[in-house]
Amino acid sequence: MRNDHELDELINAALPGYSAAEPRPGLEQRVMAASVAVGRSPNRSFWGWALAIPVVACLLLFLLFATRHRPSSGFATAGLHASPATSAPDQPKLALQTPSPAIIKKPTLRGLTAGARKPPPALPKQDVFPTPTPLTPEETSLIALGSAGVQTAPPSTAATTDIDPIRIAELRIEPLSVPLLDSAPSPTVPISKDSPQ
Amino acid sequence: MGVRSYADLQPKQEEADFESLVHRQSRFVFQVAYAMLRNSHNAEDVVQETFLSLYRSGAWRHIKDERAFLARAAWRQAVDFLRSHPRRWGEDVEAAFTLASSEAGPEEILLTADSHAAVHRLIDALPEELRHPLALSSLQELNSREIAAILGIPEGTVRTRLMRAREVLKRKLSIQMELHHAK
């Protein structure tokens, strides 16, 4: 095995040659030609920005106007005119349960992060007060009952219960008999009273 | 009129200054790039790209230490080049030693004119963290402080890595020679 000194010498001798290379002649001229050509050529990035900025500005303006002048939805009027008593039972339910596209909000990142910290914001106020809500099953059945009309009277609940009448026994009072003074003690007046059943 | 002529002169003066910088440092930048890439054509591409990016950004006007700045810029460009064009260092070295063992044996190669080339291939096969400091140290003009500035690591780390790189090289060379003696 060779000693460390010999290996060190070998490495030291080989190491300068590792980066000992000369560029081809004319490197400076090539570098300068390329640099000057790039420096004098029109700046591509400038034209890119010059085109991009107006396009983005127009898009923003369009979005701004589109959100401000959004047509009002037919949700409020549909809810106002839909009367459960006058219309078919299915129609108001459909009108109320189908939300207008204007009410649907897309979830945004800001909304998602803020929603974790604070309670959800109140729904936007509608033109109709009270705000229409979907009918409960009881309301639906009431509408159905009203539209169908009352055909028969509901059966009386008093007739079904069986309560016996209270019978009170007749009072019987016997005529008083006046006894003699020197006779036997006066008899007691028997009063019989039947207890009610 | 006077202002106009001054405006016309200013780019010319800047071009002249930049040309002077290119003439002063292009060879040094080439050597840094070559130490990293070990290919003259690729090193020239890196030199051009280094000076081009300097010219575009205008950063060359505010350079304090030309050599350190340019060496770091060239090193970064070379590293980017290596990432976009990965070279199979290990395969080259294996192929070199396979060829050597089949023809003349590693020690004979090491003892002849090809011995330096064999050491170079062993350096190429080193891991990046050891190869970069060693390659830059092969430039006689760079000391460990300048290498540390180029690589963006402490000077002590550069010295440690240089020592480790040399140890790895010696171990590999020793193994190759042992194998030859065994034959």
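Please refer to the structure higher up on the page.
The model shown is predicted, which means the values in this text are computed figures rather than measured ones.

Engineer: What should I look at first to understand the nonpolar core in this one?
Structural biologist: Here is a general trend for soluble globular proteins: nonpolar side chains tend to be buried in one another's company. Phe18, Phe51, Ile123, Leu126, Leu134 and Leu136 of chain B are the most contacted members of the largest nonpolar core, which totals 60 residues. No other element matches the twelve residues that helix H1 (residues 2-37) of chain B contributes to this core. In this view, Phe51 of chain B contacts Val31 and Ser35 of chain A together with Phe18, Leu21, Val22, Gln25, Ser26, Val29 and Leu70 of chain B; residues no more than four positions away in its chain are not counted.

Engineer: Would you take a moment to explain helix H2 (residues 40-57) of chain B for this structure?
Structural biologist: In an α-helix, one turn spans 3.6 residues; hence positions three or four apart end up facing the same way. Taking 1.5 Å of rise per residue, the 18 residues of H2 of chain B would be expected to cover 26 Å, and the 26 Å separating its terminal C-alpha atoms lies within 8% of that figure. By the burial criterion, the buried members of H2 of chain B are Ala43, Glu44, Val46, Val47, Thr50, Phe51, Leu52, Leu54 and Tyr55 of chain B.

Engineer: Mind showing me how you'd approach the pattern of salt bridges here?
Structural biologist: Pairing between side chains of opposite charge can happen when their charged atoms approach one another. In the structure shown here, the tally under the stated rule is ten salt bridges over all chains. We note a salt bridge from Glu66 of chain B to Arg24 of chain B, for which the minimum N-O separation is 2.4 Å. Here Glu66 of chain B, found in helix H3 (residues 66-84), pairs with Arg24 of chain B, found in helix H1; they are 42 residues apart in sequence, far enough to count as distant. Under the relative-accessibility criterion, Glu66 of chain B is labelled partly exposed at 23%. By relative accessible area, Arg24 of chain B is classed as partly exposed at 46%. Where Asp124 of chain B meets Arg38 of chain B, a salt bridge forms, and the shortest distance between an N and an O atom there is 3.5 Å. Here Asp124 of chain B, found in helix H6 (residues 115-124), pairs with Arg38 of chain B, found in the loop between H1 and H2; they are 86 residues apart in sequence, far enough to count as distant. Comparing Asp124 of chain B with Arg38 of chain B, the two get one shared label, buried. Through salt bridges that share partners, Asp4 and Asp8 of chain A together with Arg166 and Lys170 of chain B make up one connected network.

What counts, and at which threshold
Numbering of residues begins from 1 in every chain and follows the order in which that chain's sequence is written. All chains are assigned letters beginning with A, and all ligands numbers beginning with 1, in the order in which they are written. Given that the model is predicted, a residue must reach a pLDDT of at least 70 before its local features are reported, and side-chain atom pairs must reach 80 or more before they are shown or counted; all residues, however, enter totals for whole chains, interfaces and linings. Side-chain figures throughout are based on the complete set of non-hydrogen atoms in the structure, without hydrogens or water. Note on terminology: a nonpolar core comprises buried Ala, Val, Leu, Ile, Met, Phe, Trp, Tyr and Cys residues joined through side-chain atoms within 4.5 Å. Per-residue accessibility, obtained with a 1.4 Å probe over protein chains only, is compared with the maximum for each type, and a residue is labelled buried under 20%, exposed over 50%, and partly exposed between these values. Strands here are runs of E lasting at least two residues and helices are runs of H or I lasting at least four, both read from the DSSP assignment and numbered beginning at the N terminus. Any two residues whose heavy atoms approach within 4.5 Å at even a single point are treated as in contact. Here a helix's expected span is defined as the number of its residues, less one, multiplied by 1.5 Å. Whenever Lys or Arg places a side-chain nitrogen within 4 Å of a carboxyl oxygen from Asp or Glu, that contact is recorded as a salt bridge.

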